[in-house]
Amino acid sequence: MSTPPAQPIDGAALLDQVEAFHRRFNVFPREAAYVAVALWDAHAHLIDAFDGTARIAFLSPEPGSGKSRALEIIETLTPRAATTVNASPNALFRLVEAPEGPPTLLFDEIDTVFGPKAGDNEPVRGFLNSGYRRGGKSLRCVGDGSNQTAAWFSSFCAVAMAGLGSLPDTILTRSVIIRMRKRAPNERVEPYRRRIHEQQGHALRDELARWADTVRDQIAHAWPAMPDGVSDRPADVWEPLLAVADAAGGDWPERARAACVELIRAATENDETSLGIRLLTDLRDHVFAGADRMPTAAILERLLGMDDAPWADLDGRPLTARLLSRMLSDYVTTDNKPIKPRSIRTNSGVPKGYYAADMTDAWSRYCPPPPSPPATSATSATPQVSGTAPVADTTDVADHHRNTTAETHAPA
């Protein structure tokens, strides 16, 4: 009597179940994080089909934000999961080289590896820096005493991390970043009981493994389309996750690309090491917003008035014209010359300012995709210009605003 063929696995429905399992125990700061984590769990089962792997990092400024719990749930859903806090580099290399296949490494307290008190952890940092791509190897000595030889060890495997603070650029730019926060009183999760829930997670893990076997060849030859504006390292990070989403079908391809754009933008906004990119992005979306030139005084007024922006307090001092010039000079125009202030003709003089045309190259190269719908234009206190019309200075615009207000409220 022949065995009936196994029923095909619905990839989209399976990812829905994985996402729902996380939602039972994890409160993530944004909906896009649930999408990314479910895709990341599935990608760990397909690591051999990719040229690179996305790291995923759960970071927060304070303890008690749910980072370790996120790793616990991932541990139940991924293949050969191994949680570590202080593993030696030699142990890590041997774990990756194990005959049963590469592990899914879960680094809790990653700040002890990269933070200011990390100490001599350079070999582990090297392991993490090199292991995001297939073929990443490190040279190590093996043997006893003086009888040692050099050997190459692979470091390519899926890695999830949790820790306080931030991470070096070499890790941040190769990771999906999820900025965790403490749960609010109205945010409730189901208590995680390992004796009960680990088995449920393992059942989903085994189903993910079976589904992965059915789509491995498809994914190995896939080149998923990237959302507009996503290229270079962010594209490398998201390529395996989007390939998983496309193979799963349903609404996952659309949700994955929306999450990709949202999380890339969020990582850029929160990354203190990319202050220059934050400046360029704020200038594009909140200051110029369609204007073609603007005096420096008006630019500073707009930047310093932005809520939730760092410009009013940079190490205890507000952004100045001199610092603005220095920061922008790190980027170049389409003519490959540093961005510098230039004279702008206004009704009351010729102050220094900046032209949007000088920044378009930097905007296209460094900034995340613009928000949708487009940002609203600057307030009436911020001079804006189109075409060849002269730029009004700040005083002219303020006077016009006062006059308009007075006319509006004058008695009929």
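Predicted, not measured: the structure shown is a model, and the values here were computed from it. (Residues numbered from 1 in each chain as written. Predicted model: local features only at pLDDT ≥ 70, side-chain atom pairs only at ≥ 80, totals over all residues. Heavy atoms only, no water.)

> Is there a simple way to think about the confidence of the model for the protein in this case?
Caution applies to low-pLDDT parts of the model: their predicted coordinates are not meant to be read in detail. Here the protein averages 83 in pLDDT, and 84% of its residues register 70 or above. Below pLDDT 50 for its whole length, residues 374–412 participates in 62 contacts with residues either more than four positions away or in separate chains. (pLDDT = per-residue confidence, 0-100. Contact = heavy atoms within 4.5 Å.)

> I would appreciate a short explanation of the packing of helix 2 (residues 31–44) against helix 9 (residues 232–248) in the present structure.
For any two helices packed against each other, the geometry is given by the interaxial angle and the distance between the axes. Between helix 2 and helix 9, the shortest axis-to-axis distance is 9 Å and the interhelical angle comes to 90°. By the criterion of interaxial angle, the relationship of helix 2 to helix 9 is roughly perpendicular. Facing A36, L39, W40, A42 and H43 of helix 2, the residues of helix 9 in contact are W238, P240, L241, V244 and A245. Partitioned by chemical class, the residues of the contact of helix 2 with helix 9 number 9 nonpolar, 1 polar and no charged. (Axes fitted to C-alpha atoms, helices over the stretch in contact; angles between N-to-C directions. Helix = DSSP H or I, 4+ residues; strand = E, 2+ residues; numbered from the N terminus. Parallel < 35°, antiparallel > 145°, perpendicular 65-115°, else oblique. Nonpolar A, V, L, I, M, F, W, Y, C, P; charged D, E, K, R; others polar.)

> Before we go on, may I ask you to explain the environment of W152 in this structure?
Positionally, W152 belongs in strand 5 (residues 147–154). By relative accessible area, which is 57% here, W152 ends up exposed. (Buried < 20%, exposed > 50% of the residue type's maximum accessible area, 1.4 Å probe, protein only.)

> Can you walk me through a negative patch on the surface in this structure?
Residues D10, D16, D251 and E254 make up a contiguous surface patch of negative charge. Examined against the element boundaries, D251 turns out to sit in the loop between helix 9 and helix 10 (252–270). (Patch = residues over 30% accessible without salt bridge, like charges linked within 9 Å, V, L, I, M, F, W, Y side chains within 5 Å. Areas by Shrake-Rupley, 256 points an atom, 1.4 Å probe, with all protein chains shown as cover. Salt bridge = Lys/Arg side-chain N within 4 Å of Asp/Glu carboxyl O. Lys, Arg positive; Asp, Glu negative; His and termini not counted. Charge placed at Lys NZ, Arg CZ, Asp CG, Glu CD.)

> Help me understand the layout of surface pockets in this model?
The gaps of empty space that remain are located by a probe, the size of a water molecule, rolled over the atoms. What the largest pocket holds in volume is close to 800 Å³. Every element with two or more residues in the lining of the largest pocket is listed here: helix 7 (169–172), strand 7 (175–179), helix 9, helix 10, helix 11 (275–288) and helix 14 (356–366). With 5 residues, helix 9 is the largest single contributor of residues to the lining of the largest pocket. (1 Å grid on protein atoms, 1.4 Å probe; cavity = no way out; pocket = protein on both sides within 12 Å on 5 of 7 lines; lining within 4 Å. Points joined across faces, edges and corners; volume = space filled by probe spheres on them.)

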